[in-house]
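A closer look at the structure
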Amino acid sequence: MTSEQSAPYSAPAPARIRTHHLAQAKADGRKFTMLTAYDALMAEIFDATGVETLLVGDSAANNMMGQSTTLPITMDEMIVFARSVTAGARRALVVVDLPFGSYEASVEQAVTSGVRLMKEAGVHAVKLEGGAFYADHVRALTRAGVPVIGHIGFTPQSEHALGGYRVQGRNDEAAAALIEDARALESAGAFCVLMEMVPAKAARRVDEALTIPTIGIGAGPATTGQVLVWQDMLGLRSGRLPRFVKQYADLRSVVHDAVTAYREDVASASFPSDEHSF
């Protein structure tokens, strides 16, 4: 199967991926990809590969700012990261997380935050964590012209309430609750539902219950889209990786070796040489 055949749209390829292209993928039984991105250079690289969607995740708190959770990142900080990504992406649909504390208080707060992200960062959609409880928030955002992805299963902003990083939807009752949440988000106007750390069988049940696409991270192969954190996928992070991560490169070793060689060249006075001097 060629990349054109597997893409979530019909030829010719669109100049910009839109929400309806993702809906078409679900209708046609096709798959699409999502990667996190936090800066213009990586966004440009990912965009050039044909990755359909880029997520400016609140995971920037962990992966860019060195925090232990996603909770500390602010709206102002998310706008900086998101604006950088939209500057680098020419074709991908750019989605940004509503950070913790920017939408929970009220429907009005959610709309204000979503509109601000679109106006100040130029993103194309937002993502918020939570199920049926936030249906009114999703409804108001979409009415205001802000496309929304819902996020269910394990929701990192609620890690303390959930008792840590735990798989969600393990039994029939919990899986049924996920379906209820997903349907409520769809009815409210969400154009996608993302599921994190959900058993593959439960995720399949959710996907089959919806007409809109689903996106998985640690949710098995049945979802329409898959998302990974790019530092995990490309091997930049050290330490133990989540079970659901497939590492496609070992950039940590590449960067380490290159910087070591640079330091040695400077110490030995072999850099800069004549060819690197004016």
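All of these numbers come straight from a predicted model, not from anything done at the bench.

We now examine the packing of helix 6 (residues 107–121) against helix 7 (residues 135–143). Where helix 6 contacts helix 7, the two axes come as close as 9 Å, and the packing angle between them is 40 degrees. Here helix 6 lies oblique to helix 7, going by the angle between them. The element helix 6 and its partner helix 7 pack so that their crossing is right-handed. Residues V107, A110, V111 and G114 of helix 6 lie in contact with helix 7, whose contacting residues are D136, H137, A140 and L141. Its residues assigned to classes, the contact of helix 6 with helix 7 comprises 5 nonpolar, 2 polar and 1 charged.

Here, UniProt's "binding site: Mg(2+)" (unreviewed entry) annotation points to D58, D97 and E129. In terms of the greatest pairwise C-alpha distance, the residues named above, spread along 72 residues, form a tight cluster of at most 11.0 Å across. Mapped onto the elements, D97 comes out in strand 3 (residues 93–97). Once residues within four sequence positions are removed from consideration, D97 is found in contact with L55, V56, G57, D58, M78, L117 and K127. Within polar-contact distance, the side chain of D97 engages the backbone nitrogen of D58 at 2.8 Å. With respect to the element layout, E129 can be found in strand 4 (residues 125–129).

Take helix 6 next. Between the first and last C-alpha of helix 6 there are 21 Å, a value that for 15 residues agrees with the 21 Å anticipated at 1.5 Å per step. Taken together, the buried positions of helix 6 are occupied by A110, V111, S113, G114, L117 and A121. Projected down its long axis, helix 6 carries its buried residues within an arc of 165 degrees, all on one side. Facing away from the buried surface of helix 6 by more than 90 degrees, the exposed residues are E108, T112 and K119. As for helix 6, its buried residues are in contact with helix 5 (75–88), strand 3, strand 4 and helix 7. Positive phi appears at G122, one or two residues downstream of helix 6, with a value of about 75 degrees.

Let's shift gears to the pattern of salt bridges. Applying the stated criterion across every chain yields a total of 7 salt bridges. The partner of D97 in a salt bridge is K127, with the nearest N and O atoms 2.6 Å apart. With D97 in strand 3 and K127 in strand 4, the pair connects residues that are 30 residues apart, well separated along the chain. For R116, the salt bridge goes to E120, with nearest N and O atoms at 2.8 Å. Of this pair, R116 and E120 both sit in helix 6, 4 residues apart, roughly one helical turn. Note on E120: relative accessible area 34%, which makes it partly exposed. Residues joined in a network through salt bridges with shared partners are D76, R116 and E120.

In this structure, T214 sits in strand 7 (residues 214–217). Using a relative accessible area of 0% as the deciding quantity, one classes T214 as buried. Within polar-contact distance, the side chain of T214 engages the side chain of D207 at 2.6 Å. Setting aside residues up to four positions removed in sequence, T214 forms contacts with V193, M195, D207, T223, T224 and G225.

Rules used throughout
Residues numbered from 1 in each chain as written. Predicted model: local features only at pLDDT ≥ 70, side-chain atom pairs only at ≥ 80, totals over all residues. Heavy atoms only, no water. Axes fitted to C-alpha atoms, helices over the stretch in contact; angles between N-to-C directions. Helix = DSSP H or I, 4+ residues; strand = E, 2+ residues; numbered from the N terminus. Parallel < 35°, antiparallel > 145°, perpendicular 65-115°, else oblique. Left-handed = near helix turned anticlockwise from the far one by under 90°. Contact = heavy atoms within 4.5 Å. Nonpolar A, V, L, I, M, F, W, Y, C, P; charged D, E, K, R; others polar. UniProt positions renumbered as here; feature names shortened; annotations may be inferred. Polar contact = N/O pair within 3.5 Å; in protein donor to acceptor, adjacent residues only side chain to side chain. Expected span 1.5 Å × (residues − 1). Buried < 20%, exposed > 50% of the residue type's maximum accessible area, 1.4 Å probe, protein only. Arc of directions from axis to C-beta. Salt bridge = Lys/Arg side-chain N within 4 Å of Asp/Glu carboxyl O.

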